[in-house]
Amino acid sequence: MSLAASSLSSLRRQLTAGEISARDIVEDVIVQVSARDGNIGAFLSHDPEAALAAADQADLSLPLGGLPIGIKDNINVLGQPCTCASKFLKDAFTSPYDATAISKLKAAGAIPFGRTNLDEFAMGYSTENSGLQTTQNPAAPGHIPGGSSGGSAAAVAANLIPATLGSDTGGSIRQPASHCGVVGLKPSYGRISRYGLVAFGSSLDQIGPLTQTVEDSALLLNALAGLDPRDSTSLNDPVPDYTEGLDQGVAGMKLGLPKEYFTDGICPKVRERVESVAKKLESQGAEIVEISLPHTEYAVATYYIIAPAEASSNLSRFDGVRYGNRTENPEDMLALYKDSREAGFGPEVKRRIILGTYVLSSGYYDAYYLRAQKVRTLIRRDFEEAFQKVDAILTPVAPETAPKMGTASEDPLKHYLADIFTISANLAGNCGISVPLEPIDGLPVGLQILGPHLGEQTILRCASAVEKS
Amino acid sequence: MADPHIDVRYVANLARINLSDEEVTLYSTQLEDVMGYIEKLSEVDVEGIEPTAHAYELTNRVRRDIPVPGIPAEGFLQNTPDQANNQLRVPKVVDA
């Protein structure tokens, strides 16, 4: 097995035993990417010399010493491009600073490697909205890798690199992880600093890892979690060792199956996989409980008011003045803004900015945005009540396995509805993880395990039991 | 709730984006579909419910007002489309 195909924990053992060097790992990642990524398209760019130089400096005594981690191209890494897969920033932006997640990775000895593809500004579920390139699903060529962290999921699934970072605003880590057959963790809101993550929906966004194993997710969360003075929404709660207790199993755990998630809209085989893993966990001593999340049917409508509203405000910074591509010879400031934004943004980004601007505009704010925020309260309460009864919740990640590329319909509403199982966790701020199950007709499928606020240890332990069964 | 008709050209102006006629037509139809779906929220009884702006209760976190190292100006200016004298340059905004 190539080093790029190994888990972080196994590389760590080999490094500390002196069997391999950090340079060996990074060299193999470079070889794998140059040999095979042409057919996959997971990476938008990478800088082999910088990565090799970092490998030669690596401090192997640190928890992630010498381990290369792929970075979604909406997280700033000092001296590297940050395009958000948008023409607006292509060849026009070099990060002048490290995101806190990146400085924490570096402080733990890891080596940020390359920039992975995404739906433009993380808006999409297929990575087909990338303004720069398409990404194939390595497990099922011709199918979408999911999105928006499609490049991050594909890079790990194709064994190009052991692990990556993604971001999740409505499922953008968990859903591509499910479609590509890797582990994807969305931590609780505030667990990881968002400083240096290009903002999409500020009350929803979280950075998280995509890995081959649950243990690797825990290893990365150890390094990434914690308070950051630069992100006032980051949490000051203690950071436990998330790798501890992973093997304790699910005996005595109460796991909920929300009845609203198992409706006619879900592919029968996906449903069967989730129900059968629930039975397995029951046989290992978990108690399976039917629960209700009564406002589930309003989650998509709520999300598609709040997320575009926040996006329309956040993306106003892309005005052609301070950074990014500016239109040639604008006649005045207004033309500079309007022409630069017209040329720089792709269709889905424009659609969401207009939707968000509309719901925030005078006369509509109370009817849409304020009402959505109130329904968000009800959705959050549903989870608070559910987590009084259960330790974690088991659901599908997506209603079906990865669709074929190009079959995504022209109907954006249909895309939005596919987010149904993942977006509630962002609205409520809960943590969630996608862990691979047995594929369906050769296509990967994941189980979503949702936990309460700061319930990462519980869902990691449950995911570890699923991984081993 | 409000009428889901969206005047896309008006909203695009608020958002400072130019759109072609084709885009206006396409987005009008698509966004009216989305807004039609969003009308579902009018079914929910939200009487007396507090809005959620963030998932958790957040309180302002203040720090002592002491200088900390920031990003140097040249770090930002390296990405600027047009600059002069260590400042951003844009078309004239106010007539003399």
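What you see is a predicted model; the values in this text were computed from it and never measured.

J.: Looking at this model, I keep getting lost on the overall build of chain B. Mind explaining?
T.: Counting its secondary structure elements, chain B contains three helices and two strands. When the helices and strands of chain B are placed in sequence order, the string is α-α-α-β-β. For a compact globule of 96 residues, the expected C-alpha radius of gyration is about 12 Å, and chain B comes in at 23 Å, more than 25% above that figure. Across its three principal axes, chain B shows a C-alpha extent of roughly 55 × 45 × 30 Å.

J.: What's the story with the sheet that holds strand E3 (residues 111–116) of chain A in this structure? I'm lost.
T.: In a beta sheet, neighbouring strands pair by backbone hydrogen bonds and run either parallel or antiparallel. Residue and element names in this part refer to chain A. One open sheet holds the 11 strands; their spatial order is E1-E3-E2-E4-E6-E5-E10-E11-E9-E7-E8, and the pairing between them is mixed. A strand with exactly one partner marks an edge of an open sheet, and here the two such strands are strand E1 (43–45) and strand E8 (287–291). Strand-to-strand twist of the sheet, defined as the mean angle between neighbouring strand axes without regard to direction, takes the value 30°. Two strands pair when backbone bridges link them, and strand E4 (residues 163–168) and strand E6 (residues 206–211) are joined in this way by six bridges, in the antiparallel orientation.

J.: What should I look at first to understand the interface of chain B and chain A in this one?
T.: By a widespread convention, an interface's size corresponds to the accessible area lost as its parts come together. Taken residue by residue, the interface counts 45 residues in chain B and 57 residues in chain A. Only helix H1 (8–14), helix H2 (21–38) and helix H3 (73–77) of chain B provide two or more residues apiece to the side of chain B that touches chain A. Among the residues forming the side of chain B that touches chain A, the class breakdown is 30 nonpolar, eight polar and seven charged.

J.: Explain helix H1 (residues 8–16) of chain A to me, please; I cannot follow it from the model alone.
T.: Side chains three or four residues apart in an α-helix point the same way, a direct result of the helix having 3.6 residues per turn. Every buried residue belonging to H1 of chain A is among Leu8, Leu11, Arg12 and Leu15 of chain A, and all of these are buried. Looking down the long axis of H1 of chain A, one finds its buried residues gathered within 105° of arc, a one-sided arrangement.

J.: What is the right way to read the packing of helix H9 (residues 299–314) of chain A against helix H12 (residues 366–389) of chain A from this model?
T.: Residues and elements named next belong to chain A. The geometry of H9 relative to H12 is characterised by a closest axis approach of 9 Å and an angle of 125° between their N-to-C directions. Here H9 lies oblique to H12, going by the angle between them. As H9 packs across H12, the resulting crossing turns out to be left-handed. Residue-level inspection shows Ala299, Thr302, Ile305, Ile306 and Ala309 of H9 in contact with H12, the latter providing Tyr368, Tyr369, Ala372, Gln373, Val375, Arg376 and Ile379. Partitioning the contact of H9 with H12 into residue classes produces nine nonpolar, two polar and one charged.

J.: How do you make sense of the pairing of E6 of chain A when you look at a structure like this?
T.: Along any regular strand, the residues point their side chains to alternate faces of the sheet. Residues and elements named next belong to chain A. In terms of burial, E6 is largely enclosed, as six of its six residues are buried. Where strand E5 (residues 183–186) and E6 come together, two bridges link them in antiparallel fashion. Bridge pairing in E6 links Val183 to Thr211.

J.: Quick question: what am I supposed to make of helix H3 (residues 48–57) of chain A here?
T.: Residues and elements named next belong to chain A. All of the buried residues in H3 are Ala51, Ala54 and Ala55. The buried residues of H3 occupy an angular sector of 105° when projected down its axis, which confines them to one face. Pointing more than 90 degrees away from the buried face of H3 are the exposed residues Glu49, Asp56 and Gln57. Looking at the buried side of H3, the elements it contacts are helix H2 (22–40), strand E2 (68–72) and E3.

J.: I tried to follow the confidence of the model for chain B on my own but got confused; where do I start?
T.: Detailed reading of the predicted model is not advised wherever pLDDT is low. For chain B, the mean per-residue pLDDT works out to 89, and 95% of the residues sit at or above 70. For chain B, H3 of chain B is the element with the lowest average pLDDT, namely 89, and H1 of chain B is the one with the highest, namely 96.

J.: Quick question: what am I supposed to make of the nonpolar core here?
T.: Side chains that are nonpolar tend, in soluble globular proteins, to be buried together. The biggest cluster of nonpolar side chains holds 165 residues, and the ones touching the most others in it are Ile111, Ile305, Ile354, Ile449 and Ala463 of chain A. Considering each element in turn, this core owes the most residues, 10 residues, to H9 of chain A. Once you skip the residues sitting within four places of it in the chain, Ile354 of chain A turns out to touch Val8, Val11, Ala12, Ala15, Tyr27 and Leu31 of chain B.

Scoring rules and cut-offs
Residues numbered from 1 in each chain as written. Chains lettered and ligands numbered in written order. Predicted model: local features only at pLDDT ≥ 70, side-chain atom pairs only at ≥ 80, totals over all residues. Helix = DSSP H or I, 4+ residues; strand = E, 2+ residues; numbered from the N terminus. Rg over C-alpha atoms; globule rule 2.2 N^0.38 Å. Pairing = 2+ DSSP bridges. Axes fitted to C-alpha atoms, helices over the stretch in contact; angles between N-to-C directions. Contact = placed C-beta atoms within 7 Å. Nonpolar A, V, L, I, M, F, W, Y, C, P; charged D, E, K, R; others polar. Buried ≥ 20, exposed ≤ 12 C-beta atoms within 10 Å, placed from the backbone. Arc of directions from axis to C-beta. Parallel < 35°, antiparallel > 145°, perpendicular 65-115°, else oblique. Left-handed = near helix turned anticlockwise from the far one by under 90°. pLDDT = per-residue confidence, 0-100. Core = buried A, V, L, I, M, F, W, Y, C linked by C-beta atoms within 7 Å.

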